[in-house]
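Fold and contact review
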Amino acid sequence: MADETSTSPRQETTPIGIGPPPPRLLRWEIITVFAVSLGASGIYALVQYIGSLTAQQSLSKQAVVVHGTLAPGRPLLDLFLQLTNITLSLAPVLLVLYLLARGGEGPKTIGLDASQPGKDAAWGALLAAVIGGAGLGLYLIAFHAGVELNVVAENLPDVWWRFPVLVLSAAQNGIYEEVIVVGYLLSRLDKLGVKPARAIAISAVIRGSYHLYQGAGGFIGNATMGVIFGYLYRRWGRVTPLIIAHTLIDSVAFVGYALLAGHVSWLPAP
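Along every chain, residues carry numbers that run from 1 in the direction the sequence is written. At least 70 in pLDDT is required for a residue's local features to be given in this predicted model, at least 80 for side-chain atom pairs to be given and counted, and no such filter applies to totals for whole chains, interfaces and linings, which use all residues. In computing side-chain properties, one takes all heavy atoms of the structure into account and sets aside hydrogens as well as water.

**Considering the packing of aromatic side chains**
Here is the rule: rings of Phe, Tyr and Trp (six-membered ring for Trp) pair when centre to centre is within 6.5 Å. Planes less than 30 degrees apart are stacked, more than 60 are edge-to-face, and the remainder are tilted. Inspection of the entire model under this criterion finds two aromatic pairs. Ring centres of Trp123 and Trp236 lie 5.0 Å apart, and the angle between their planes is 45°; on these two criteria the pair is classed as tilted. Of the two residues, Trp123 is situated in helix 5 (residues 117–144) and Trp236 in helix 8 (residues 216–236); the sequence distance between them amounts to 113 residues. Burial here depends on accessible area, computed with a 1.4 Å probe over protein chains only, as a share of the maximum for the residue type. Under 20% is buried, over 50% is exposed, and the range in between is partly exposed. We classify Trp123 as partly exposed; its relative accessible area is 36%. Classification of Trp236 as partly exposed rests on a relative accessible area of 23%. Put simply, DSSP marks the helices as runs of H or I at least four residues long and the strands as runs of E at least two long, and each gets a number from the N terminus on.

**Thoughts on the packing of helix 5 against helix 9 (residues 240–260)**
A fitted line through C-alpha atoms serves as each axis, taken over the contacting stretch for helices, and the angle formed by two N-to-C directions is quoted from 0 to 180°. Look at helix 5 against helix 9: their axes get within 7 Å of each other, and the N-to-C directions meet at 45°. For the element pair helix 5 / helix 9, the angle class is oblique. Regarding helix 5 and helix 9, the two cross each other, and that crossing is right-handed. Residues Asp120, Ala121, Trp123, Gly124, Ala125, Leu127, Ala128, Ile131 and Gly132 of helix 5 lie in contact with helix 9, whose contacting residues are Thr240, Pro241, Leu242, Ile244, Ala245, Leu248 and Ile249. In what follows, roughly perpendicular refers to angles from 65 to 115 degrees, roughly parallel to angles under 35, roughly antiparallel to angles over 145, and oblique to any angle outside these ranges. For a crossing to be left-handed, the near helix must be turned anticlockwise from the far one by less than a right angle; the clockwise case is right-handed. Contacts are assigned to residue pairs that have any heavy atoms within 4.5 Å of one another.

**Digging into the packing of helix 4 (residues 91–102) against helix 6 (residues 162–191)**
For the pair helix 4 and helix 6, interaxial distance at closest approach is 10 Å and the crossing angle is 30°. Judged on the interaxial angle alone, helix 6 and helix 4 are roughly parallel. The two elements helix 4 and helix 6 meet at a crossing, and its hand is left-handed. For the pair formed by helix 4 and helix 6, the contact residues are Pro92, Val93, Val96, Leu99 and Leu100 on the first element and Ile175, Tyr176, Val179, Ile180, Tyr184, Ser187 and Arg188 on the second. Grouping the amino acids of the contact of helix 4 with helix 6 by side-chain chemistry returns ten nonpolar, one polar and one charged. Three classes are used, and their members are as follows: Ala, Val, Leu, Ile, Met, Phe, Trp, Tyr, Cys and Pro are nonpolar, Asp, Glu, Lys and Arg are charged, and the others, Gly among them, are polar.

**Some remarks on the nonpolar core**
The definition of a nonpolar core used throughout is a set of buried Ala, Val, Leu, Ile, Met, Phe, Trp, Tyr and Cys residues joined through side-chain atoms within 4.5 Å. Counting residues in hydrophobic clusters, the biggest one holds 33 residues, and the most contacted among them are Phe34, Ile180 and Tyr184. If you list the elements that add at least two residues to this core, you get helix 1 (23–35), helix 4, helix 5, helix 6, helix 7 (196–209), helix 8 and helix 9. The greatest single-element share of this core, amounting to nine residues, is contributed by helix 6. Aside from chain neighbours lying at most four places away, what touches Ile180 is Val33, Phe34, Ser37, Leu38, Pro92, Val93, Val96 and Leu185.

Rendered as structure tokens:
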């Protein structure tokens, strides 16, 4: 009688990362990511800017709202819509982190971690002070010269959740933009062999494009910020201080506008 031996199913292991895709697919990956995120925003902003240029009013007499109410007259619904919008807007970041992990990388490869909290916070605060201050000055000069739109930073209702939501929105902007247009894009362009200076220029132009709805000044100012952030990312290999800087810049812009608009003469009234 033959011996019977039991066999167990073959155990297969799945690698955590399968490696980066070949160049052709990597290009399509980049296009796809930006088609569902900041690239689409750039196209929409361009159409908005063309609309502003072709309007009968001069640019300085037109207003554009950066962070507005989503349910006028219904503050509780507005709050839930604001929080939902902030949360869902981070979906492309999850996509990018997945694609990095699929290629055998992780958040640390783009410097998205808390390994240097003190240093990151210090550099972030310094960047925010320099870039935020310079950006505000250039905007005011352009607006009072009549060549820039009136940028209304926020028009949320005056309720208890106004400032927390503005800060959360600023943090969402910082995470969303810096992870995608700096950390992800520059790391992927590296794999395609794009020269560093050209990669930074591409990143900066994309950053400027989705701010075109604010006018030419919004494009130039943010593209310049993109060059600086791209250079510093190359130098540091970290997006965390850039996220901190961006969050601080937008927080001060949103909250400062809410507190000062209509109360100081140098800031355009909504």
